[in-house]
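Structure assessment
Here is what each chain is made of, one letter per residue.
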Amino acid sequence: MSLNSTPSGERVHIGFFGRRNAGKSSVVNAFTNQQISVVSDVKGTTTDPVTKAMELLPLGPVMIIDTPGFDDEGALGAERVRRTKQVLNRVDIAVLVVDGTVGKTAADSELIGIFEQKDIPYIVAYNKSDLAQSKKYADGIAVSALEKTNIELLKETVARLVNTDAPEKHLCADLVERGDIAVLVVPIDKAAPKGRLILPQQQTIRDLLDKGAVPVVCRDGELSITLEKLATAPKLVITDSQAFGRVKDIVPQSVPLTSFSILMARYKGFLETAVKGAAAIEKLKDGSRVLISEGCTHHRQCDDIGTVKLPRMLSKYTEKDIIIETSSGKGFPDDLSPYDLVIHCGGCMLNEREMTYRRKFSGDSGVPFTNYGTALAYMQGILKRTLGVFPDLLKLVDE
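Residues numbered from 1 in each chain as written. Predicted model: local features only at pLDDT ≥ 70, side-chain atom pairs only at ≥ 80, totals over all residues. Heavy atoms only, no water.

1. Some thoughts on the overall build of the protein
The number of helices and strands found in the protein is 13 helices and 14 strands. Computed over its C-alpha atoms, the radius of gyration of the protein comes to 24 Å, within 12% of the 21 Å expected for a compact globule of 399 residues. Based on the C-alpha atoms only, the size of the protein along its principal axes is roughly 75 × 50 × 40 Å. Scored against the burial criterion, the 399 residues of the protein give a buried share of 52%. At a minimum sequence separation of 6, the contacts of the protein that also span at least 24 residues come to 72%. (Helix = DSSP H or I, 4+ residues; strand = E, 2+ residues; numbered from the N terminus. Rg over C-alpha atoms; globule rule 2.2 N^0.38 Å. Buried < 20%, exposed > 50% of the residue type's maximum accessible area, 1.4 Å probe, protein only. Contact = heavy atoms within 4.5 Å.)

Shown next as structure tokens:
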């Protein structure tokens, strides 16, 4: 996968924060050497978070996010500040841009408090060093977006904040050995994107190839004949969760079976929470509210999983009149108290920090949290079977 095609969920997210007119957008443009954000002497020029996926040496693929001023005023300003706070749930590194001619303000100190509360590595960039008296700061770097002073030093400092000691993660390469066959079941229905595979399927194929395993891809309609033609049984079958109902009866019990969504939940660090949360489906009753949340904003098809298939299956399984609400993209609710359950997608388009925030926020709100694949496996009665490749999680499944 080239740097240009690195998914947003796999990129380091770098957010630039600060009060209005501190020069955030100018620093962003200097930092990236691109005109990403509009700049002006007028306060509040940046009215919404501006994102740009790019390659930034020495970091590699990153997502740059320029945010509105944290000291914005009025009703519209409060909404802009709220959106800035939402960005804080997904950034891996924060750059606090301070007007060096003024120094840190209450808004800057509040942002630092949030960085520390959320455990976000950060650096303070004192902008306008060409106009400021001080050129050295004990807690940050003096920069000038206008003259490009210390911009390279700022890049190097940000790069050092990236956690390079984190263990390497895999979707499924740790479940197979070199030469093993893994069958991937990819239904092609009305909801499937034309001419391409969805991201988790692409990532799974690449992960298997990197390991030296042999991915065999087929539709659910050809699964039986595919298994018959294989000289040896596959080490693993991975299916789209929507096809569990058909696939579970075709794959022999002796062959491990799981789904792309379940693998993605583990990859993003919330599979254990998803397994525990699935049991909350049993407690749903008439009038219960379920939030079905998707991390991307794709065009909804006539038989969409989040808005059609999952609600239909929940209604059939529970035999209750459940109220379904949906969210997509970055629009995760600020208040989860109305809900009895959150069912999230695998989060392939969201980085791990944002998925961690959503999982933790749900837990702090007392709302069970699961995901599409885990919920579907639970309602199909095969959750234990689909978790067989993760034996340490089997004890979490209600008998």
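2. Focus on the sheet that holds strand β10 (residues 257-259)
Pairing is parallel in the open sheet, where four strands are placed in the order β8-β7-β9-β10. Edge positions in the open sheet fall to β8 (214-218) and β10, since each of these has one partner strand only. This sheet shows a mean twist of 25° between the axes of neighbouring strands, independent of strand direction. Bridge analysis of strand β7 (residues 181-185) against strand β9 (residues 236-239) gives four bridges, and the strand direction is parallel. Looking at the pairing, Ala-182 lines up with Leu-236 of β9. (Pairing = 2+ DSSP bridges. Axes fitted to C-alpha atoms, helices over the stretch in contact; angles between N-to-C directions.)

3. Regarding the pattern of salt bridges
All told, the structure shown has 22 salt bridges when counted by the stated rule. With its nearest N and O atoms 3.9 Å apart, the salt bridge here joins Arg-353 to Asp-92. Placement of Arg-353 in helix α11 (residues 352-364) and of Asp-92 in the loop between α2 (74-87) and β4 (93-99) is noted, with a sequence separation of 261 residues between them. Using a relative accessible area of 23% as the deciding quantity, one classes Asp-92 as partly exposed. Within this structure, Glu-79, Arg-82, Arg-83 and Asp-334 form a network of salt bridges that share partners. (Salt bridge = Lys/Arg side-chain N within 4 Å of Asp/Glu carboxyl O.)

4. Description of the pairing of strand β1 (residues 12-17)
For β1, a buried count of six out of six residues is recorded, marking the element as mostly surrounded by other parts of the structure. What you see with β1 is no split at all: Val-12, Ile-14 and Phe-16 on one side and His-13, Gly-15 and Phe-17 on the other are buried throughout. Pairing geometry for β1 and strand β3 (residues 60-66), over five bridges, is parallel. Each residue of the ladder has a partner; that of Val-12, found in β3, is Val-62. Across four bridges, β1 lies against β4 in parallel orientation. Residue pairing in the sheet places Ile-14 in a bridge with Ile-93 of β4.

5. Thoughts on the nonpolar core
Counting residues in hydrophobic clusters, the biggest one holds 61 residues, and the most contacted among them are Ile-343, Leu-387 and Phe-390. Residues within four places of Leu-387 in sequence aside, it is in contact with Ile-262, Leu-271, Val-275, Leu-393, Leu-394 and Val-397. With 25 residues, the next largest nonpolar core counts Ile-93, Val-95, Ile-151 and Val-158 among its residues. (Core = buried A, V, L, I, M, F, W, Y, C linked by side-chain atoms within 4.5 Å.)

6. Description of the sheet that holds strand β13 (residues 341-344)
Spatially, four strands are ordered β12-β11-β13-β14 in an open sheet, and the strand pairing comes out parallel. Strand pairing shows two members of the sheet lacking a second neighbour, β12 (323-328) and β14 (369-371), which therefore form its edges. Sheet twist, expressed as the average angle between the axes of neighbouring strands with direction ignored, equals 25°. Note that strand β11 (residues 289-294) and β13 share four bridges and pair parallel. Opposite Ile-292, over in β13, you have Ile-343 as the bridge partner.

7. A word on the side chain of Asp-304
Within the element layout of this structure, Asp-304 appears in the loop between β11 and α10 (305-318). Engagement of the side chain of Asp-304 in a polar contact is seen with the backbone nitrogen of Gly-306, the distance being 3.1 Å. (Polar contact = N/O pair within 3.5 Å; in protein donor to acceptor, adjacent residues only side chain to side chain.)

8. Topic: the side chain of Lys-268
By the element assignment, Lys-268 lies in the loop between α8 (260-267) and α9 (271-278). For Lys-268, a relative accessible area of 2% corresponds to the buried category.

9. Re the packing of helix α1 (residues 24-32) against helix α4 (residues 151-160)
One way to put it is that α1 packs onto α4 with a least axis distance of 9 Å and a crossing angle of 85°. With respect to α4, the element α1 is oriented roughly perpendicular. Residues Val-27, Ala-30 and Phe-31 of α1 form the contact with α4, whose own contacting residues are Ile-151, Leu-154, Lys-155 and Val-158. The residue makeup of the contact of α1 with α4, split by class, is six nonpolar, no polar and one charged. (Parallel < 35°, antiparallel > 145°, perpendicular 65-115°, else oblique. Nonpolar A, V, L, I, M, F, W, Y, C, P; charged D, E, K, R; others polar.)

10. Topic: the state of the cysteines
For the structure shown, the criterion picks out zero disulfides. Cys-348 provides the cysteine sulfur closest to Cys-172, a residue in no disulfide bond, and the two sulfurs are 15 Å apart. Among the residues examined, Cys-172 registers a relative accessible area of 0% and is labelled buried. Unpaired in terms of disulfides, Cys-345 finds its nearest cysteine sulfur in Cys-296, a separation of 6.2 Å. On the accessibility criterion, Cys-345 (10% relative accessible area) is buried. (Disulfide = S-S within 2.5 Å.)

11. Examining α10
Residues of α10 that are buried include every one of Ile-305, Gly-306, Lys-309, Leu-310, Pro-311, Leu-314 and Thr-318, and no others. Against β11, β12, β13 and α12 (372-379) lie the buried residues of α10. The N-capping residue of α10, defined by a side-chain oxygen 3.1 Å from the backbone nitrogen of Gly-306, is Asp-304. Glu-319 sits one or two positions beyond α10 and adopts a positive phi of about 55°.

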